[in-house]
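Single-letter residue listing:
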Amino acid sequence: MIILGIETSCDETSIAIVDGRKVLANVIASQTLHQEYGGVVPEYASREHMRMIEPISRRVIDSTIKDLSKIDGIAVTYGPGLMGALLVGLSFGKGLAVALGKPFLAVNHVEAHIMANFIVHSDLDYPFLCLLVSGGHTMLVYVKSFGRYKILGTSVDDAAGEAFDKAARILGLGYPGGPIVDRLAKGGRKDFHVFPRARVKGNELNFSFSGLKTSLLYLVKRKGESWVRENLADLCASYQEAVVDMLLRNTFRAVEMVECDKLVLAGGVAANSRLREVFRRNAEDIGVKLYFPVLEYCTDNAAMVAFTGYEMLRKGITSPLDIPAVPALKFDSTE
């Protein structure tokens, strides 16, 4: 089945076409204009999506299937995300579905991130444990099969990606913060400063990153700007190490609890080089198979949306055309 995927949940306009697991095209247009403001400006994001979605779609179609009638379904992110941004993609996708008389598939953005690994790993099969780490979400999910999920742990405050972005803002590094911190950390000392590693009462698999961010803020205020500039790489390395340590601790505790031999990383923070290095080493030590997407499928992209739509259609799941955009769409345990 050939599925057209549309992703406009935040600041990437992405269109993809997949034929099963085979990605025929996956174009991602990142909105660099937000760098000037240190974060995503929702109104500007919506306008950029409106400007880019039609020409990108034409480009993808012309470079692959040529004829829209060959499409078997239209998959679109309907949440979570920014309301205006979601509405652009959702409206465009619904219009195509009506005009072509094709099934419409409303996709949960979080579920799509988990499914991204199937695009590049032909040997991946259920069940598996997934650590989903992005700008808006940090959660441990036991994936029993498609559509059957158990949430084992989640962040009680900031997501890991948000912790990186806020650290970059505190350090005056720009946006998006994660890649910048990762790059600078490679030249720094991981033991330069010992940042706190929070433990959450009640559920030992839950995460908390707000205290880490606050600790960095107070340190910077106490030491001053010149000290920060002199020790920037070391600060990035030790801050990043704290984030990775907390993710590592909870994830491998969950691996033991569910006795799972497959561990999957997903989301934008899964692109972090230190995270991949540490998780790979620990997985090898205990004989767990580790999977993570190529960088293109870590960040927001339409290929993961299209593949999730493919799985939905394969199981006979379609969506009504009156389904709304849901900015705060939840991803919950299904059983």
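Residues numbered from 1 in each chain as written. Predicted model: local features only at pLDDT ≥ 70, side-chain atom pairs only at ≥ 80, totals over all residues. Heavy atoms only, no water.

Caption draft 1: Local environment of the overall build of the protein. The number of helices and strands found in the protein is ten helices and ten strands. Compactness check: the protein gives a C-alpha radius of gyration of 20 Å against a globular reference of 20 Å for 335 residues, within 12% of the reference. The principal-axis extent of the C-alpha atoms belonging to the protein is close to 60 × 45 × 30 Å. Counting every position in the protein, which comprises 335 residues, the buried fraction comes to 56%. Within the protein, residue pairs in contact and separated by at least 24 positions form 74% of the contacts whose partners lie at least 6 positions apart. On the protein, roughly 14,200 Å² of surface is accessible, and the fraction owed to carbon and sulfur atoms is 51%. The averaged location of the 38 negative side-chain charges in the protein is 2 Å from the averaged location of its 38 positive side-chain charges. (Helix = DSSP H or I, 4+ residues; strand = E, 2+ residues; numbered from the N terminus. Rg over C-alpha atoms; globule rule 2.2 N^0.38 Å. Buried < 20%, exposed > 50% of the residue type's maximum accessible area, 1.4 Å probe, protein only. Contact = heavy atoms within 4.5 Å. Areas by Shrake-Rupley, 256 points an atom, 1.4 Å probe, with all protein chains shown as cover. Lys, Arg positive; Asp, Glu negative; His and termini not counted. Charge placed at Lys NZ, Arg CZ, Asp CG, Glu CD.)

Caption draft 2: Focus on the sheet that holds strand 3 (residues 22-30). Pairing within the open sheet is mixed, and its five strands lie in the order 3-2-1-4-5. The outermost strands of the open sheet, each flanked by one partner alone, are strand 3 and strand 5 (104-108). Across the sheet, the mean angle separating the axes of adjacent strands is 20° when strand polarity is ignored. The strands that helix 3 (residues 109-120) touches are strand 1 (2-7), strand 3, strand 4 (73-79) and strand 5; relative to strand 5, the one it contacts most, it runs at about 95°. Each of strand 1, strand 2 (12-19), strand 3, strand 4 and strand 5 is contacted by helix 10 (residues 302-314), which is oriented at about 135° to strand 1, the strand it contacts most. (Pairing = 2+ DSSP bridges. Axes fitted to C-alpha atoms, helices over the stretch in contact; angles between N-to-C directions.)

Caption draft 3: Quick look at the pairing of strand 1. Among the six residues in strand 1, six count as buried, and that is most of the element. By the alternation rule, side chains of strand 1 split into Ile 2, Leu 4 and Ile 6 and Ile 3, Gly 5 and Glu 7, which are all buried. Joining the antiparallel neighbours strand 1 and strand 2 is a turn of four residues. Both strand 1 and strand 4 contribute to a ladder of four bridges, which runs parallel. Its bridge partner lying in strand 4, Ile 6 is registered against Val 76.

Caption draft 4: How the structure looks around the packing of helix 3 against helix 10. Look at helix 3 against helix 10: their axes get within 8 Å of each other, and the N-to-C directions meet at 90°. Of the possible angle classes, the one that applies to helix 3 and helix 10 is roughly perpendicular. Between helix 3 and helix 10, the residues in contact are His 109, Glu 111, Ala 112, His 113, Met 115, Ala 116, Phe 118 and Ile 119 and Ala 303, Met 304, Val 305, Phe 307 and Thr 308, respectively. Tallied by class, the residues present in the contact of helix 3 with helix 10 amount to nine nonpolar, three polar and one charged. (Parallel < 35°, antiparallel > 145°, perpendicular 65-115°, else oblique. Nonpolar A, V, L, I, M, F, W, Y, C, P; charged D, E, K, R; others polar.)

Caption draft 5: Region of the structure containing the environment of Ser 319. Mapped onto the secondary structure, Ser 319 falls in the segment after helix 10. Separated by 50 residues in sequence, Ser 319 and Val 269 have C-alpha atoms that sit 30 Å apart. Within polar-contact distance, the side chain of Ser 319 engages the backbone nitrogen of Ala 106 at 2.9 Å. (Polar contact = N/O pair within 3.5 Å; in protein donor to acceptor, adjacent residues only side chain to side chain.)

Caption draft 6: Representation of the environment of Ile 71 within the structure. Relative to the assigned elements, Ile 71 resides in the loop between helix 1 (42-62) and strand 4. Judged by relative accessible area, Ile 71 falls into the buried class, the value being 0%. Placed 76 residues apart in sequence, Ile 71 and Gly 147 show a C-alpha to C-alpha distance of 23 Å.

Caption draft 7: Broad picture of the environment of Phe 146. One can find Phe 146 in the loop between strand 7 (138-145) and strand 8 (148-154). Counting along the chain gives 78 residues from Phe 146 to Leu 68, while the straight-line C-alpha distance between them is 28 Å. In this view, Phe 146 contacts Glu 111, Met 115, Tyr 126, Thr 308, Glu 311, Met 312 and Lys 315; residues no more than four positions away in its chain are not counted.

Caption draft 8: Representation of helix 6 (residues 210-223) within the structure. The terminal C-alpha atoms of helix 6 lie 20 Å apart, and with 14 residues this matches the ideal 20 Å at 1.5 Å per residue to within 8%. Of all the positions in helix 6, only Leu 212, Ser 215, Leu 216, Leu 219 and Val 220 are classed as buried. With its buried residues spanning 130° around the axis, helix 6 presents them on a single face. Opposite its buried face, helix 6 presents the exposed residues Tyr 218, Lys 221 and Arg 222, each directed more than 90 degrees away. On its buried face, helix 6 is in contact with helix 4 (160-170), helix 7 (225-230) and helix 8 (232-258). Gly 224, located one to two residues past helix 6, shows a positive phi value of around 95°. (Expected span 1.5 Å × (residues − 1). Arc of directions from axis to C-beta.)

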